[in-house]
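The residues making up each chain are set out below.
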Amino acid sequence: MIKIEHLNKRFKKLHALADVSADIPGGSVVSLIGPNGSGKTTLIKCILGMVRADSGNIYFDNKLVHKDFKYRNRIGYMPQIGRYPDNMKIGQVLEMIKNVRGISEQELDNDLYEAFDIESIKDKSMRSLSGGTRQKVSATLAFMFDPDVFILDEPTAGLDPVASEILKDKITKEKRRGKLILLSSHILSDLEELTTDIMYLNEGRLQFFEPISTIRDITGEKRLSKAIAKLMQHGFSKDEMNSTSTHQTRIVS
Amino acid sequence: MKLMAPVICLLLFTPAFGKIIPVGANEAVKKIGQAVQAAASGDTILIKKGVYYVENVIISKPVTLLGENRPVLHGSDKYEIFTISGTGVTVKGIHFTNSGYSSANDYAAITIIDASNFVIEDNILTQTFFGIHVANSHHFTIKGNRLVGKTKSEQTSGNGIHLWKCSNAVIENNNSSGHRDGIYFEFVTNSLIKENVSHNNIRYGLHFMFSNDDVYSKNTFEANGAGVAVMFSKRVTMNENIFENNWGPSAYGILLKEITDSKINGSKFYRNTVAIYMEGANRIEISNNTFRENGWASKVQASCSDNNFHHNNFLSNTFDIATNGSLVLNKFSDNYWDKYEGYDINRDGIGDVPYHPVSMYSMLIEQNPNSLLLLRSFIITLLDKAEKAIPSLTPETLRDDKPRMRQLAI
Amino acid sequence: MLYDILRSKVIIAYTLFLFLITFSLFQLEADPGKAMLSVLNIVLIVVPLVSMVFSTIHYFNSYEFIELMLSQPVSRDKVIISEYAGTALSLSAAYLVGVGVPVCLYNFNATGISVILGGCILSIIFCSLAFLASVKSRDKARGIGAALLLWFYFALIYDGLILIILFTFSDYPLEKLTLVLSSLNPVDLARIFIMLNMDVSALMGYTGATYKDFFGSGTGTIYTFAVMLLWIIVPLLLATRSFRRKDL
């Protein structure tokens, strides 16, 4: 569904993305992991068209993304830090995005709106919100329009445990409905049970992009975090990759 | 001798006792020339309404030519219409039109030469080369005429009222337009130009040269190519005139050149490129005038001395005074300058610091006219302010030591 | 599409500021013509400055909004153009009310109209320039710095350079060059446009007549407006192009 080809992006000296290629199929839940500054957010922003790559292409449903903006109708995006116009109220922000999307009230998915009880705080101005509440608003916005793809940048960071659970339930629900979900996180434990595939970025390079089952097989670890830690230490060997890789992945050891 | 008595009577009481000779299509006398020939001194030739084609009628005896219902005298674009000489001729109520043009001679609708005591009154002159051309004549009145020239180039048009070598003339309440010069004076003395309107002439509204001891007052000079020129003359009094909308690269309200011992007062200068331009002018008193919205209220060239500007109002002029020299031999006092920014602590109505009417920028423009395009730009404002604080280019002594705080009631 | 509330507070303050200044100028000065001179200074100096700085600050303050919009199915051109339209519109509206109303009340004539028109166009032009400077700058501080430099250049430096050129090459005929040079600065263009009414008497003098003949003619007026239009469109176009490639 989302196809990335030889993507490169530099910010001055920093090589934020180095020749990243991946083919993310629909229906999967991909966890994009890697240390801070490894290029996770840059990759997400590239997919959303907010950052323009220096070279390489991204296709959304076989269409080049930088030629188009309408594909974003099919994406719900939850940013790492939700930044909203300070002077607007929550209700106004929601209304504005509804206008932009042009979706009728009946088609809206109000699960999170109700679960987070946004109704009760809709007259609060964005300026006064805590980080957690902002994240609630971001999540609500991302899920409101029932898109085909969810891109969630560190979705549970900053959320209280209750809200975090609500969000996880929602993600699970959407997963069951066959949606493509791309999650980024620098800690994995949180979303372990949801993930079908792991994409690991380090210093702008895609180290591996494999199904969880493959990773478990290779490492022989049951717990994902341990499995990954092991992979980070020892790396993926080429033979292993050839025999087991199910995704088009470039692996650097 | 029996005949002599009425003749003497006629001479003494000309207008009252002359006979009336009607001229017209339905009259016994059909042509004006015939009537003039037939007329005796003191007679009135009454020209009835109609169009008369006239080939230069010469009038040299004291008769009155009076138009009834404004007859039209047509010069066929070839001829002069009247030539007058001698004394005591009156021409009144006639419309002169289409007089001839000559590049060699000053053809006029009415030519007057070697004449005196004549009156040209209440006539209309249109499509003329020169309108009324007077030479070597004295003691006469030209009054209430309306003259419209053929507006062409400076070379192919003549003057409206043209006086050469005359004295004791009164030019009053005429309206002259579309000529080279509306009113032209050369070697004219002891004369009065009063309440005329001279406008839209190609060159000067009033062109005044080598003419001493004259007065012109309450005239309006408007939208003439070069305004009014007063040159090479002495003892000219100019008061209560209005000079307005005289625009152009060399247009002036008044151009004063080589003129001495004269006065300009009570006049209004409104929207002229340069209201008063002075070159070689000495001992001129300029007082009680209002200068409003002119490009330059006055340009005083270095060749001028002992001129005295006092009790004038300077309002909304782009530049107040400009000069090309640093030597200041002219005096400015008791004027109101709207650009004055001083204060009056003792409240006597007179500013406590002198006003310098020459700005740095006006000096720059004298040197480099192109910089006019920077007028009112921020950099020019800054330069002017800097110059005010530390004068370097502007003549320090050109100043009004007693600037008025309030506009003078004029 | 534009929900902007904070902006209105600053814009209302700006409107009030212009209105009070202009109004008191007319009140203090018995002669409206003289007050117009001070108004002219506001138009040529304050209006570009405020338009520039306000637009830049506004652009960076709307960054969150722009970011939010761009994660939605909205084209980049639409986002930047709406941002621009909103800013330019509020700036020119503030000017029209703040300066336009008092001028109409006290000095409604050709000069007045040219001042209103000139200032309005300058507001829009400097908004364009500010957007270009903002899009090209990485952060707010740099953006405001660039805006101030541009303003300083157009309001002061440029004319200083012209003056230097005029005096350095005073032996050559420079009428045409001066004419071209002044149309390369929107502030000069607006100033000349206003001067044609305000100082028509002086402009009729020697070389002035060349300028008056040109700028005062029908072609000159069309030329003036065409160049001003370019000053609006070109920076905006460049800003839009640059914005298309900008990383958020």
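Residues numbered from 1 in each chain as written. Chains lettered and ligands numbered in written order. Predicted model: local features only at pLDDT ≥ 70, side-chain atom pairs only at ≥ 80, totals over all residues.

Chemist: Tell me about the interface of chain A and chain C, and name the residues and values.
Modeler: Each side of the interface is counted separately: chain A has 21 residues, and chain C has 17 residues. Among the elements of the structure, α1 (40-48) and α2 (90-101) of chain A are those that each provide at least two residues to the side of chain A that touches chain C. Classifying every residue of the side of chain A that touches chain C by side-chain character gives twelve nonpolar, three polar and six charged. (Contact = placed C-beta atoms within 7 Å. Helix = DSSP H or I, 4+ residues; strand = E, 2+ residues; numbered from the N terminus. Nonpolar A, V, L, I, M, F, W, Y, C, P; charged D, E, K, R; others polar.)

Chemist: If you had to explain the confidence of the model for chain C to someone new, which residues and values would you point to?
Modeler: All names here are of chain C. The pLDDT averaged across chain C works out to 88; a share of 95% of its residues lies at or above 70. For chain C, helix α10 (residues 206-216) is the element with the lowest average pLDDT, namely 73, and helix α5 (residues 110-136) is the one with the highest, namely 94. Among the prediction metrics, the complex's ipTM stands at 0.84, with pTM recorded as 0.81. (pLDDT = per-residue confidence, 0-100.)

Chemist: I'd like a description of the pairing of strand β16 (residues 161-172) of chain B, backed by residues and values.
Modeler: Residue and element names in this part refer to chain B. For strand β13 (residues 130-135) and β16, the ladder comprises four bridges, and the chain directions are parallel. Looking at the pairing, His133 lines up with His162 of β16. Note: strand β14 (residues 138-143) against β16, five bridges, orientation parallel. The partner of His138 across the bridge, within β16, is Ser167. Sheet analysis places β16 next to strand β18 (residues 183-189), joined by six bridges and oriented parallel. For Cys166, the partnering residue across the bridge sits in β18 and is Val188. (Pairing = 2+ DSSP bridges.)

Chemist: Describe α1 of chain A, with residues and values.
Modeler: Along an α-helix, residues three or four positions apart point the same way, because every turn accommodates 3.6 residues. Residue and element names in this part refer to chain A. Across the nine residues of α1, nine count as buried, placing the element largely inside the fold. Every buried residue belonging to α1 is among Lys40, Thr41, Thr42, Leu43, Ile44, Lys45, Cys46, Ile47 and Leu48, and all of these are buried. One or two positions beyond α1, positive phi appears at Gly49, with a value near 80°. (Buried ≥ 20, exposed ≤ 12 C-beta atoms within 10 Å, placed from the backbone.)

Chemist: Got a sec to walk through the arrangement of the chains? Specific residues and values, please.
Modeler: Where two pairs of chains are in contact, the pair with the most contacts is made of chains B and C. With respect to C-alpha atoms, chain A approaches chain B no nearer than 38 Å, and the pair has no contact.

Chemist: Residues and numbers for the packing of helix α3 (residues 63-70) of chain C against helix α4 (residues 76-106) of chain C, please.
Modeler: Residue and element names in this part refer to chain C. Packing of α3 against α4 brings their axes to within 10 Å, and their N-to-C directions diverge by 150°. The angle between α3 and α4 falls in the class roughly antiparallel. Crossing hand, α3 versus α4: right-handed. Residues Ile66, Met69 and Leu70 of α3 form the contact with α4, whose participating residues are Arg76, Val79 and Glu83. (Axes fitted to C-alpha atoms, helices over the stretch in contact; angles between N-to-C directions. Parallel < 35°, antiparallel > 145°, perpendicular 65-115°, else oblique. Left-handed = near helix turned anticlockwise from the far one by under 90°.)

Chemist: Got a sec to walk through the sheet that holds strand β4 (residues 55-60) of chain A? Specific residues and values, please.
Modeler: Residue and element names in this part refer to chain A. Pairing is antiparallel across the open sheet formed by four strands, whose spatial order is β2-β1-β4-β5. Across the chains shown, the open sheet's two edge strands, defined by having one partner strand only, are β2 (14-24) and β5 (63-64). The strands touched by α1 are β1 (2-11), β2 and β4; relative to β2, the strand with the most contacts, the crossing angle is about 60°.

Chemist: Tell me about the sheet that holds strand β3 (residues 29-33) of chain A, and name the residues and values.
Modeler: Residue and element names in this part refer to chain A. In spatial order, the strands read β6-β7-β8-β3-β9-β10; together these six strands make up an open sheet with mixed pairing. The open sheet has two edge strands with one neighbour each: β6 (75-78) and β10 (205-211). Each strand axis lies, on average, 15° off the axis of its neighbour in the sheet, ignoring direction. Pairing of β3 with strand β8 (residues 180-185) involves five bridges; the strand directions are parallel. Along β8, the bridge assignment pairs Val30 with Leu182.

Chemist: Explain the pairing of strand β32 (residues 296-300) of chain B residue by residue, including any values.
Modeler: Residue and element names in this part refer to chain B. Extensive coverage of β32 is indicated by the burial of five of its five residues. Bridge count between strand β29 (residues 274-279) and β32: four bridges; the pairing is parallel. Residue pairing in the sheet places Tyr277 in a bridge with Lys299 of β32. Both β32 and strand β35 (residues 319-323) contribute to a ladder of four bridges, which runs parallel. When the bridges of β35 are listed, Lys299 appears paired with Ala322.

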